[in-house]
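Structure at a glance
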Amino acid sequence: FTDLKANGVTPRASQLLYRRRPFRSSKTFVATPVRDDAFTVLAANQAPAKAQYIAKADSVCEATDARVTAVQKAIAHAEALGSPSRSKIVQGLRRIDTLGDASLPQLRAIPKPVGSVAVLNEIWDALAKKFRLNAELIPAVQSRSATKFANTSAALSAVTSRYETLSQRYGFNVCGQS
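Let us look at the structure shown here. (Residues numbered from 1 in each chain as written. Predicted model: local features only at pLDDT ≥ 70, side-chain atom pairs only at ≥ 80, totals over all residues. Heavy atoms only, no water.)

Looking only at helices and strands, one finds six helices and two strands in the chain. Overall, the chain shows an N-to-C arrangement of helices and strands of α-β-β-α-α-α-α-α. Across the 178 residues in the chain, those meeting the buried criterion constitute 31%. Sequence separation of 24 or more characterises 60% of the internal contacts of the chain that already satisfy a separation of 6 or more. (Helix = DSSP H or I, 4+ residues; strand = E, 2+ residues; numbered from the N terminus. Buried < 20%, exposed > 50% of the residue type's maximum accessible area, 1.4 Å probe, protein only. Contact = heavy atoms within 4.5 Å.)

Within the largest apolar cluster, 24 residues are counted, with the highest numbers of intra-cluster contacts made by Y53, A57, I123, W124, Y163 and F172. Contributions of two or more residues to this core are made by α3 (50–80), α4 (86–109), α5 (117–143) and α6 (146–170). For this core, the element with the most residues is α3, which contributes eight residues. Not counting the four nearest positions on each side in its chain, Y163 is found in contact with C61, I123, W124, A126, L127, K130, C175 and G176. (Core = buried A, V, L, I, M, F, W, Y, C linked by side-chain atoms within 4.5 Å.)

Where empty space is left becomes clear once a probe the size of a water molecule has been rolled over the atoms. A volume near 580 Å³ is recorded for the largest pocket. Every residue lining the largest pocket is counted, 28 residues in all, and those nearest its centre are D65, V68, Q72, K130 and T160. For the lining of the largest pocket, the elements supplying multiple residues, two or more each, are α3, α4, α5 and α6. (1 Å grid on protein atoms, 1.4 Å probe; cavity = no way out; pocket = protein on both sides within 12 Å on 5 of 7 lines; lining within 4 Å. Points joined across faces, edges and corners; volume = space filled by probe spheres on them.)

Before going further, it helps to spend a moment on unusual backbone geometry. Most peptide bonds adopt trans geometry, and most residues besides glycine take a negative phi value. The phi angle at R144 is positive, at roughly 60°, despite the residue not being glycine. Here R144 lies in the loop between α5 and α6.

Before going further, it helps to examine the packing of α4 against α5. Where α4 contacts α5, the two axes come as close as 9 Å, and the packing angle between them is 160°. Of the possible angle classes, the one that applies to α4 and α5 is roughly antiparallel. Both α4 and α5 take part in a crossing whose hand is left-handed. Contacts between α4 and α5 involve R86, I89, V90, L93, R94, I96, D97, G100, S103, L104, L107 and R108 on the former and, on the latter, N121, W124, D125, L127, A128, F131, N134, A135, L137, I138, V141 and Q142. Among the residues making up the contact of α4 with α5, the classes are represented as 14 nonpolar, five polar and five charged. (Axes fitted to C-alpha atoms, helices over the stretch in contact; angles between N-to-C directions. Parallel < 35°, antiparallel > 145°, perpendicular 65-115°, else oblique. Left-handed = near helix turned anticlockwise from the far one by under 90°. Nonpolar A, V, L, I, M, F, W, Y, C, P; charged D, E, K, R; others polar.)

Quick look at α3 now. Taking 1.5 Å as the rise per residue, α3 with 31 residues should run 45 Å; its terminal C-alpha atoms sit 43 Å apart, in good agreement. Residues of α3 that are buried: Y53, I54, A57, D58, V60, C61, T64, V68, V71 and I75. Close packing links the buried residues of α3 with α4, α5 and α6. (Expected span 1.5 Å × (residues − 1).)

Its place among the elements puts N151 in helix α6. Linking N151 and L137, residues 14 residues apart in sequence, is a C-alpha distance of 9.5 Å.

Bringing α6 into the picture now. Here α6 is 25 residues long and its end C-alpha atoms lie 36 Å apart, about the 36 Å a rise of 1.5 Å per residue gives. Residues of α6 that are buried include every one of T152, L156, V159, T160, Y163, E164, L166, S167 and Y170, and no others. Remark: G171 follows α6 within two positions and exhibits a positive phi of approximately 115°.

At a closest axis distance of 9 Å, the pairing of α3 and α4 adopts a crossing angle of 175°. As judged from the angle between their axes, α3 and α4 are roughly antiparallel. Residues Y53, A57, V60, C61, T64, R67, V68, V71, Q72 and I75 of α3 pack against K88, I89, G92, R95, I96, L99, S103, Q106 and L107 of α4. Each residue belonging to the contact of α3 with α4 can be placed in one class, and the counts come to 11 nonpolar, five polar and three charged.

See below:
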């Protein structure tokens, strides 16, 4: 750092990597900072490949989907036995919301492949909106508001469709599959 500071350059984190090059007038070597591009290339080499990312994300989605399906089956079973109480439906919706709240941070924490950050953020934002709309069904069920339930269900359907389309375009095998 002393060489950098002596030349009036404030070192940055990316300048901690040095390469050695000969000084012009002698055979001694001085440390010079590596350009930011090299740091980006180094970070790119550590990012997972798209196939690895898909495999990790699909495993999280598969575990979440299995739990959500179990909750949905419990509600459907209650419907088969007669009209399920609103409290059973609300419990199921809350459980699905809890599962979504747990899985989304796991999905966002997986290191993203270089060049896929924007599209993956869009996919996970759509999934977050899907879980948020699912949670908005709870007050509609509790208040017995058919209009509010229908409007929220329509919005949920549109967001779910967008999430599924984006996920399928990216190449997920489990995430975004109905």
